[in-house]
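# Descriptive analysis of the structure
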Amino acid sequence: MIKYHHEKIEKKWQKHWEETNAFATDSNMTRPKFYGLVEFPYPSGVGLHVGHVRAYTSLEVIARKRRMQGYNVLFPIGFDAFGLPTENYAIKTGKHPREVTDHNIEVFTQQLKAIGYSFDWDHTVDTTDPAYFKWTQWIFLQMYKHGLAYKDHTYVNFCTGCKVVLSNEDFRDGKCDRCGSPVVQMEKDVWFLKIREYAEKLLQGLDEVDYLPRIRTEQENWIGKSVGAEINFSIADHDQALKVFTTRADTLYGVTFMVIAPEHPLIEELADEIQNMDAVNAYKENAQHKTEFERVQLAKDKTGVKIEGIQAINPVTGDAIPIFIADYVMMGYGTGAIMAVPAHDARDWDFAKKFNLPIVEVIKGGNVEQEAFTDVSSGEMVNSGFLSGKQVKEAIPDMIAYLEEKGLGKKTVNYKMKDWAFNRQRYWGEPIPIVYCEHCGTVPVPESDLPVELPKVSHYEPTDTGESPLAEIEDWVNTTCPKCGRPARRETDTMPQWAGSSWYFLRYIDNHNDECLADMDKLKYWLSVDWYNGGMEHVTRHLLYSRFWHQFLYDIGVVPTKEPYAKRTAQGLILGSDGEKMSKSKGNVVNPNDIIAEYGADTLRTYIMFIGDYEKPAPWSDNGIKGCRRFLDRVWKLQDMVVEGDTFSKELENDMHKTIKRVSEDYEAMKFNTAIAALMSLLNHFNRVGQTTKAEYRDFLKLLYPVAPHITEELWEMADFAGELHQTDWPEYDETKTVDAVIEMAVQVNGKVRGKITLSIDGDQDQAHQLALDNENIQKFLEGKHIIKEIFIPGKIYNIVAK
């Protein structure tokens, strides 16, 4: 027997698969299809890490299995290559981002092929390719033309390290996700996409898909739907009114003051009436230097300034109440104004105590002078006019009805999710296809002029002012207006990295099309994506953004399905051997290249799938990788035990059918670890019997093939089986033969287990009785006793009562 040389075997089959285009998608669109999608990588210079391998190998297993089941499979890969890391690295090294990107893609491609993934490389996309981002720009233009893209002056989060504007989702704890630098507030004109207009569609669409419960919950929480009321608090002696959204209109009688965001437009509108404008402006200036996290989350001691000279009117009591500005209220949430009910909100209670404001109990319970009573999901209304004596559940709709009748408010649905900040002040991104003309205003670039490409420059360092470096490239910025032909200037901000990843799954389907983003007939055949797998870190922003784009494209007739992904799953992290998240600083990073060199790609693939529950974090174990290599060594030696036989042997028939069923079902349920364990167990059975028929050997190789394709293809060829393994069919099992012919049953004597017997599946009490008496251990407990009673439940219990 030839020794198992993984290097030669894996290179041989990888070369063969590439030369024969073994995993090409069939252009015949009459066959049943399977579209398997993995989140395409950001190609960094570091290369793949084991997290990528875990994310991709799951659907790799499914894709190989589906081909054997007769499906036409689209299993593509691409590169999400715009963005800050590449640009920052390019600035640091003096290389152009294009050069850096091309090198990184080459590194990733080599690694992906070295692992033996069955991607269809003919369908690859690169988001930085003008042929690709032409259609990213085209989608933006459609949104602009349909009123979903707009520009507004607002406060933004500016990363002092990356020197770029970030969305609220791009930083945590006041620090940039990318570089860790402080994030400060800055005033700027910002492009937004109206994702909030699709909030309800995005929620309703979740009923049409198969997402893991935790993924669905993340989406629902991010959208943050609230049903309540929008209430008007008029300003005393003025025509203006403050609008407030609340889910608890029943507590209106307890409102004793109001708080507005420092950025609220009312301050400027009534500046002449405000008696302490200097104090208000000073507080406002200070708030602008705080991040949203600092304002909302960090500040334990709530600060604020009472606005002297203006008051609001409580719409149900008629009382004049003070208005404060406080930095914990944000313009981006709700209406930028809140009604404060200090008796039943801990934050409002603290604020009221600090500024000596009234506290009015409106839901019975607790001592509100000592602390806020916040357990108010139910209870009796008090001090609440016509609501007094009612329960909360009836008081809420009654108050909303009253407000609507009096013209003081209306029932409203609100969403926590804000519109998507859609621009970055960097070079390495898709140019936004807009020009500005003094005569025509904001003008979209004609679709015939797409793509708008980046200028080829040697300097692209970010500015300290928050402007894009493109703003300094005059010969690119200066252009002519598409409408009037007069001088105009290009938009110099670029799109965020999320843009290219919001529709890449569509371009995979028809990635060489120059006439449209993808042919409709092909889209009708391949959509929806049958199974999408990726990380939990992307089940909010990316998943929502891409669903939003897809639903919009459906609404304008560009795609044939409402939802892009029929199924979405997620893998758990692979931790370092120390149980911590892998990082260079901790020295616990595992390089896939090293594992492939020493143990082989099949060992890496097997271990990654065997490491534990696929959906949960799992620590890396060097002993575990060695154990999987020993398993494959035993698989290699199995060829010496093969004997003639086109059927399963009597000794192994039951084991074969049970294993085929188990592996088939576990692959589909993403229980890869138990599927591999079943194959290990079957191998033990082969060794116990001492031989395996060709039929058993053939199906064993088929079952293992999706996980370890190189070694199984080689063994298949060496066994002289017909064709190539990836071209064969998936094994089938007989349900009736998955039931054990015999069972092991515990025997109790006077309620205590005293031994075990092996009984045929249809064995009766008489057989169990005789086997028990023949068992020496059980006999010991029956000596000198008379059997009074026997309790026998087939397949479950045999209890002997004796005295």
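Analysis parameters
Residues numbered from 1 in each chain as written. Predicted model: local features only at pLDDT ≥ 70, side-chain atom pairs only at ≥ 80, totals over all residues. Heavy atoms only, no water. Phe/Tyr/Trp six-rings, centres within 6.5 Å; stacked < 30°, edge-to-face > 60°. Helix = DSSP H or I, 4+ residues; strand = E, 2+ residues; numbered from the N terminus. Buried < 20%, exposed > 50% of the residue type's maximum accessible area, 1.4 Å probe, protein only. Lys NZ or Arg CZ within 6 Å of the ring centre and 35° of its normal. Pairing = 2+ DSSP bridges. Core = buried A, V, L, I, M, F, W, Y, C linked by side-chain atoms within 4.5 Å. Contact = heavy atoms within 4.5 Å. Axes fitted to C-alpha atoms, helices over the stretch in contact; angles between N-to-C directions. Patch = residues over 30% accessible without salt bridge, like charges linked within 9 Å, V, L, I, M, F, W, Y side chains within 5 Å. Areas by Shrake-Rupley, 256 points an atom, 1.4 Å probe, with all protein chains shown as cover. Salt bridge = Lys/Arg side-chain N within 4 Å of Asp/Glu carboxyl O. Expected span 1.5 Å × (residues − 1). Bend = angle between axes of the 7 residues up to and from the residue. Domains from an automatic or database assignment. Polar contact = N/O pair within 3.5 Å; in protein donor to acceptor, adjacent residues only side chain to side chain. Parallel < 35°, antiparallel > 145°, perpendicular 65-115°, else oblique. Left-handed = near helix turned anticlockwise from the far one by under 90°. Nonpolar A, V, L, I, M, F, W, Y, C, P; charged D, E, K, R; others polar.

As a further point, take the packing of aromatic side chains. Under the criterion given, the structure shown has 46 aromatic pairs. Arranged with centres 5.8 Å apart and planes meeting at 50 degrees, the rings of Phe82 and Phe133 form a pair that is tilted. Of this pair, Phe82 sits in the loop between β3 (78-79) and α3 (84-93) while Phe133 sits in helix α5 (residues 130-145), and the two are 51 residues apart along the sequence. For Phe82, a relative accessible area of 2% corresponds to the buried category. Overall, Phe133 belongs to the buried group, its relative accessible area being 3%. Between Trp135 and Trp138, the aromatic rings sit 5.9 Å apart at their centres with planes inclined by 65 degrees, giving edge-to-face as the arrangement. Here the residue Trp135 and the residue Trp138 both occupy positions in helix α5, the gap between them amounting to 3 residues, near one helical turn. Taking the relative accessible area as the measure of exposure, Trp135 reaches 6% and is therefore buried. With a relative accessible area of 16%, Trp138 lands in the buried category. Taken together, the ring pairs in this structure connect Phe140, Tyr144, Trp191, Trp420, Phe422, Trp498, Tyr545 and Trp549 into an aromatic cluster. Over the face of the ring belonging to Phe34 we find Arg66, whose NZ or CZ atom lies 4.8 Å from the ring centre.

The sheet contact formed by strand β11 (residues 225-234) and strand β17 (residues 409-415) spans 7 bridges and is antiparallel. Paired with Ala229 across the bridge in β17 is Lys411. Here β11 pairs with strand β12 (residues 241-246) via 6 bridges, running antiparallel. Of the residues in β12, the one forming a bridge with Asn232 is Lys243. Between β11 and β12, which pair antiparallel one after the other, the connecting turn spans 6 residues, and Asp237 there sits at a positive phi close to 65 degrees.

Turning to the nonpolar core, a few remarks are in order. Membership of the largest hydrophobic core comes to 83 residues, with the highest contact counts inside it found for Phe140 and Trp549. The element best represented in this core is α5, accounting for 8 residues. Those residues within four positions of Phe140 in sequence are excluded, and the remaining contacts are Ala149, Trp191, Leu193, Phe422, Ile432, Pro433, Ile434 and Met495. Met68, Ala601, Ile676 and Leu682 belong to the second largest nonpolar core, which has 82 residues in total.

The next subject is the sheet that holds strand β32 (residues 797-802). Read from one edge of the open sheet, 4 strands run β30-β29-β32-β31, paired in mixed fashion. The two strands at the open ends of the sheet, each matched to only one other strand, are β30 (752-760) and β31 (787-793). Strand-to-strand twist across the sheet, computed as the mean angle between neighbouring axes with direction ignored, equals 20 degrees. Of the strand pairs in this sheet, strand β29 (residues 742-749) and β30 are connected by 8 bridges, and their pairing is antiparallel. Considered in β30, the bridge of Ala746 is made with Lys756.

Moving on: unusual backbone geometry. Here Leu450 and Pro451 are connected by a cis peptide whose omega angle stands at 5 degrees. Position of Pro451 among the secondary structure elements: in the loop between β20 (441-444) and α13 (474-477). In this structure, Asp237 is a non-glycine residue whose phi angle is positive, near 65 degrees. Note on placement: Asp237 falls in the loop between β11 and β12.

Across a sheet, strands are paired by hydrogen bonds formed along the backbone, either parallel or antiparallel in direction. Here we have 4 strands laid out as an open sheet, ordered β6-β5-β9-β18, and antiparallel in their pairing. Of all the strands in the sheet, just β6 (164-166) and β18 (420-421) have a single pairing partner and so form its edges. Pairing of strand β5 (residues 149-159) with β6 involves 3 bridges; the strand directions are antiparallel. Following the sheet pairing, Phe158 is matched in β6 by Val165. Set on the sheet, α5 makes contact with β5 and β9 (183-193); between it and β9 the angle comes to about 80 degrees.

Moving on: a nonpolar patch on the surface. A cluster of nonpolar side chains, namely Ile791, Ile793 and Ile797, defines an oily patch on the protein surface of about 210 Å² accessible area. In this fold, Ile793 is placed in strand β31. Residue Ile793 is classed as partly exposed on the basis of its relative accessible area of 37%.

This paragraph deals with helix α2 (residues 50-68). Spanning 19 residues, α2 covers 27 Å between terminal C-alpha atoms, matching the ideal 27 Å at 1.5 Å per step. At Thr57, α2 is deflected by roughly 25 degrees, the largest bend along its length. Burial runs high along α2: 18 of the 19 residues are buried. With its phi angle positive at about 95 degrees, Gly70 sits one or two positions after the end of α2.

Another point: the domain arrangement of the protein chain. According to the domain assignment, the protein chain consists of domain 1 (225-415), domain 2 (584-737) and domain 3 (742-802). With centres defined by C-alpha atoms, the gap from domain 1 to domain 2 works out at 63 Å.

Relative to the elements of secondary structure, Thr247 occurs in the loop between β12 and β13 (257-260). According to the relative accessible area criterion, Thr247 is partly exposed, its value standing at 36%. A C-alpha to C-alpha distance of 6.1 Å links Thr247 and Val227, two positions 20 residues apart in sequence. In contact with Thr247, other than residues within four places in its own chain, are Ser226, Val227, Gly228 and Ile396.

Of note, Ser118 is situated in the loop between α4 (97-115) and β4 (125-126). Separated by 384 residues in sequence, Ser118 and Ser502 place their C-alpha atoms 24 Å apart. Of note is the side chain of Ser118, whose polar atom sits 2.8 Å from the side chain of Glu60.

Another point: the packing of helix α21 (residues 672-689) against helix α22 (residues 694-704). Packing of α21 against α22 leaves a shortest axis separation of 11 Å and a crossing angle of 160 degrees. Classified by the angle between their axes, α21 and α22 sit roughly antiparallel to one another. As α21 runs across α22, the sense of the crossing is left-handed. Residues Leu679, Leu682, Leu683 and Phe686 of α21 pack against Glu696, Phe700, Leu703 and Leu704 of α22. Its residues assigned to classes, the contact of α21 with α22 shows 7 nonpolar, no polar and 1 charged.

A few words on the pattern of salt bridges. Oppositely charged side chains are able to pair whenever their charged atoms sit close together. In this structure the tally under the stated criterion is 39 salt bridges. With a closest N to O distance of 2.7 Å, Asp530 and Lys33 form a salt bridge. With Asp530 in the loop between α15 (520-526) and β23 (531-535) and Lys33 in strand β1 (residues 33-38), this residue pair connects regions lying 497 residues apart in the sequence. Asp530 sits in the partly exposed class, given a relative accessible area of 26%. Across the pair Arg662 and Asp666 runs a salt bridge, and its minimum N-O distance is 2.6 Å. Linking Arg662 with Asp666, this pair stays in helix α20 (residues 653-668), spanning 4 residues, or about one helical turn. Overlapping salt bridges bring together Lys12, Glu714 and Glu717 as one network.

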